[in-house]
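Given next are the chains, with one letter for each unit.
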Amino acid sequence: KKGGPAAKSNSSSSRGGSKQMTWQVQGNRQNWTSLVKFLDREGLTPAVVFTFSKKKCEEVAHMLRTLDLNTAAEKSSAHAFTLQTVARLSPNDSTLPQVLNVCEMVKRGIGVHHG
């Protein structure tokens, strides 16, 4: 809603400035997990959520780390896919924390892309 609380909270204030308020508008862990659970429960997944910040993309993915959206069959397929994909990487790259994190997210039905 234009001009509503979200729009007002982007302005600086003596209680924390715009940086703190902008973070609050973008949501916390509970907001993101509730949103994704709602979308899944209502049959509205898969879904794509956009953010224009690489850092925020990674933060949101981290916030969703406790969700598991895949069925057993999907989890099995995702596991096979991640094994094949990681096998194509060098030994050093295959053990990078970023690679391991993405593999775990894919197994749970969460994907991340930032450009």
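Residues numbered from 1 in each chain as written. Predicted model: local features only at pLDDT ≥ 70, side-chain atom pairs only at ≥ 80, totals over all residues. Heavy atoms only, no water.

A. Structural context of the overall build of the protein chain. Across its full length, the protein chain carries seven helices and zero strands. Helices (α) and strands (β) of the protein chain occur, in sequence order from the N terminus, as α-α-α-α-α-α-α. Burial status across the protein chain gives 23% buried among its 115 residues. Partitioning the contacts of the protein chain with sequence separation of at least 6, the portion at a separation of at least 24 is 66%. When the accessible surface of the protein chain is split by element, carbon and sulfur atoms take 57% of a total near 8,700 Å². (Helix = DSSP H or I, 4+ residues; strand = E, 2+ residues; numbered from the N terminus. Buried < 20%, exposed > 50% of the residue type's maximum accessible area, 1.4 Å probe, protein only. Contact = heavy atoms within 4.5 Å. Areas by Shrake-Rupley, 256 points an atom, 1.4 Å probe, with all protein chains shown as cover.)

B. Spatial organisation of the layout of surface pockets. A volume near 720 Å³ is recorded for the largest pocket. Around the largest pocket, the lining is made up of 28 residues, and of these Ala-47, Val-48, Val-49, Ile-110 and Gly-111 lie nearest the centre. Put simply, the parts of the chain that give the lining of the largest pocket at least two residues each are helix H3 (29–41) and helix H4 (54–63). No other element matches H4, which puts five residues into the lining of the largest pocket. For the lining of the largest pocket, the class distribution of residues is 16 nonpolar, nine polar and three charged. The calculated volume of the second largest pocket comes to roughly 570 Å³. (1 Å grid on protein atoms, 1.4 Å probe; cavity = no way out; pocket = protein on both sides within 12 Å on 5 of 7 lines; lining within 4 Å. Points joined across faces, edges and corners; volume = space filled by probe spheres on them. Nonpolar A, V, L, I, M, F, W, Y, C, P; charged D, E, K, R; others polar.)

C. Structural context of the confidence of the model for the protein chain. Averaged over every residue, the pLDDT of the protein chain is 80; the share at 70 or more is 77%. The weakest mean pLDDT in the protein chain belongs to helix H1 (residues 5–8) at 40; the strongest belongs to helix H6 (residues 91–94) at 96. Contacts from residues 1–15, a stretch scored under 50 in pLDDT, to residues over four places away or in other chains number twelve contacts. (pLDDT = per-residue confidence, 0-100.)

D. Structural context of the pattern of salt bridges. Tallied over the entire structure, the rule returns four salt bridges. Note that Glu-59 and Lys-55 form a salt bridge whose closest N and O atoms lie 4.0 Å from each other. With Glu-59 and Lys-55 both in helix H4, this residue pair falls four residues apart, about one helical turn. Glu-59 gets classed as partly exposed once you look at its relative accessible area, which sits at 27%. Among the residues examined, Lys-55 registers a relative accessible area of 59% and is labelled exposed. If you follow the salt bridges from partner to partner, you end up with Lys-55, Lys-56 and Glu-59 in one network. (Salt bridge = Lys/Arg side-chain N within 4 Å of Asp/Glu carboxyl O.)

E. View of the side chain of Thr-33. Following the sequence through the fold, Thr-33 ends up in helix H3. Here Thr-33 falls in the buried class, since its relative accessible area comes to 12%. Among the polar contacts listed, one links the side chain of Thr-33 to the backbone oxygen of Gln-30, at a separation of 3.2 Å. Each residue touching Thr-33, except ones within four places of it in the same chain, is listed here: Met-63, Leu-64, Thr-66 and Leu-67. (Polar contact = N/O pair within 3.5 Å; in protein donor to acceptor, adjacent residues only side chain to side chain.)

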